[in-house]
Every structure is written in C-alpha cells, then in structure tokens.
Amino acid sequence: GLDAKVRELVEWERRLSEKAVHLDNREVEIARVQLAVTEREKQVKVKHGAVAELKSQIDNELSKWEADLTEREKRMEANAEHAASGASQRAMATLASEQRNIDRQLKEVLTAKSTMRVQEADLQRRWAQLRAF
C-alpha cells in the first residue's frame, strides 16, 4: 500500500518535472521568435526610414523637374508670341518639338509620381501587416 503510493508520487513528480522542462523549452522558443520579430521590425523601420528619405529625394527631384518644365513652357509661350508676330516656320517647328518634349516629360513626371504612390501604399500595407503580426 504505502510503497505503491510512494512510487506513484515519485512517478508523478518525474512527469511534472518533464512537463516543466518541456514548458521551459517552449518559453525559450517563444522568446527566440519574439526576438526575431523584434529584429525584423527594427530592419523594417530602418528600411521604412530609407524609403521615406528616398521618397523625399524623388519628390525634390520631381519638383525641380516640374519647375524646369514650367520655365521652359513659359519660354516656349514667349517664343509662340514671337512666332505669331511673323517669325519663321523654323521657330514654329522648334516650338512644336519643344511642346512634344514638355508633354512627354510631364507624362514621365506624372507616371513617376503615380508609381511612387503605388510603391508607398504597398510599403504602408506591408508595414501595417508587420506591426499587426
């Protein structure tokens, strides 16, 4: 009777000890995963910062480009007035060519801005997913 009870208690103690070790191992594994997620979050924050910096640089370049195109358009309008007052056909051809260049470059600016917005939205979505994780 008593020996059987002692053996049963020893067996219970052994099983509890095994379960405790198993739980400790699980806690270590969970801590490892949490550490990896934290490290990944840091990397994403760094990338997010780099992307924001790049976006800022691109915005500045696009603004300069637009200002340059606006300036060229003003010059072209001045040329147009000159051409309208009897300038040569060559001035008109130059004007048309300049207009095509400006139209093409403005289209490129708009395309670049659109692409940047899509990429920024994608980055925001990924960032939100990571934070949700």
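Structure: above.
Note that the coordinates shown come from a computational prediction; the quantities given were computed from them, not determined experimentally.

1. Comments concerning the overall build of the protein
Item 1. Along its length, the protein carries two helices and zero strands.
Item 2. At 34 Å, the protein has a C-alpha radius of gyration far larger than the 14 Å of a compact globule built from 133 residues.
Item 3. In terms of principal-axis extent, the alpha carbons of the protein reach across some 125 × 15 × 15 Å.
Item 4. Within the span of the protein, comprising 133 residues, buried residues form 10% of the whole.
Item 5. Carbon and sulfur atoms make up 56% of the accessible area of the protein, which amounts to about 10800 Å² in all.

2. Focus on helix α2 (residues 89-132)
Item 1. Compared with an ideal rise of 1.5 Å per residue, which puts 44 residues at 64 Å, α2 spans 64 Å between its outermost C-alpha atoms and is within 8% of the ideal.
Item 2. Residues L95, I102, Q105, V109, M116, W127 and L130 constitute the buried set of α2.

3. Overview of the pattern of salt bridges
Item 1. Here the structure, examined in full by the defined rule, presents twelve salt bridges.
Item 2. Salt-bridge contacts for E29 lead to R32; the nearest nitrogen and oxygen are separated by 3.0 Å. Separated by three residues within a single helix, E29 and R32 lie in helix α1 (residues 2-84), roughly one turn from each other.
Item 3. Residue class for E29 comes out partly exposed when judged on its relative accessible area of 34%.
Item 4. Accessibility expressed as a relative area gives 52% for R32, which makes it exposed.
Item 5. The salt bridge partner of D122 is R126, with a shortest N-O separation of 3.3 Å. In this pair, D122 and R126 both sit in helix α2, four residues apart, roughly one turn of the helix.
Item 6. D122 sits in the partly exposed class, given a relative accessible area of 25%.

4. Re the nonpolar core
Item 1. With six residues, the main nonpolar core is built from L62, L69, M76, L95, I102 and V109.
Item 2. When residues of this core are traced back to their parent elements, those giving at least two are α1 and α2.
Item 3. Not counting residues within four places of it along the chain, the set of residues in contact with V109 comprises L62, W65, E66 and L69.

5. A few points about the side chain of R72
Item 1. On the secondary structure map, R72 appears in helix α1.
Item 2. Among the residues examined, R72 registers a relative accessible area of 16% and is labelled buried.
Item 3. If sequence neighbours within four positions are ignored, R72 has contacts with E98, N101, I102 and Q105.

6. Focus on the side chain of Q105
Item 1. Looking at the secondary structure, you find Q105 in helix α2.
Item 2. A polar contact is formed between the side chain of Q105 and the side chain of R72, at a distance of 3.2 Å.
Item 3. In contact with Q105, not counting residues within four places along its chain, are W65, L69 and R72.

7. Some points on a nonpolar patch on the surface
Item 1. The grouping of L2, V6 and V10 at the surface amounts to a nonpolar patch, some 300 Å² of accessible area in total.
Item 2. Of note, L2 is situated in helix α1.

The rules behind the values
Residues numbered from 1 in each chain as written. Predicted model: local features only at pLDDT ≥ 70, side-chain atom pairs only at ≥ 80, totals over all residues. Heavy atoms only, no water. Helix = DSSP H or I, 4+ residues; strand = E, 2+ residues; numbered from the N terminus. Rg over C-alpha atoms; globule rule 2.2 N^0.38 Å. Buried < 20%, exposed > 50% of the residue type's maximum accessible area, 1.4 Å probe, protein only. Areas by Shrake-Rupley, 256 points an atom, 1.4 Å probe, with all protein chains shown as cover. Expected span 1.5 Å × (residues − 1). Salt bridge = Lys/Arg side-chain N within 4 Å of Asp/Glu carboxyl O. Core = buried A, V, L, I, M, F, W, Y, C linked by side-chain atoms within 4.5 Å. Contact = heavy atoms within 4.5 Å. Polar contact = N/O pair within 3.5 Å; in protein donor to acceptor, adjacent residues only side chain to side chain. Patch = residues over 30% accessible without salt bridge, like charges linked within 9 Å, V, L, I, M, F, W, Y side chains within 5 Å.

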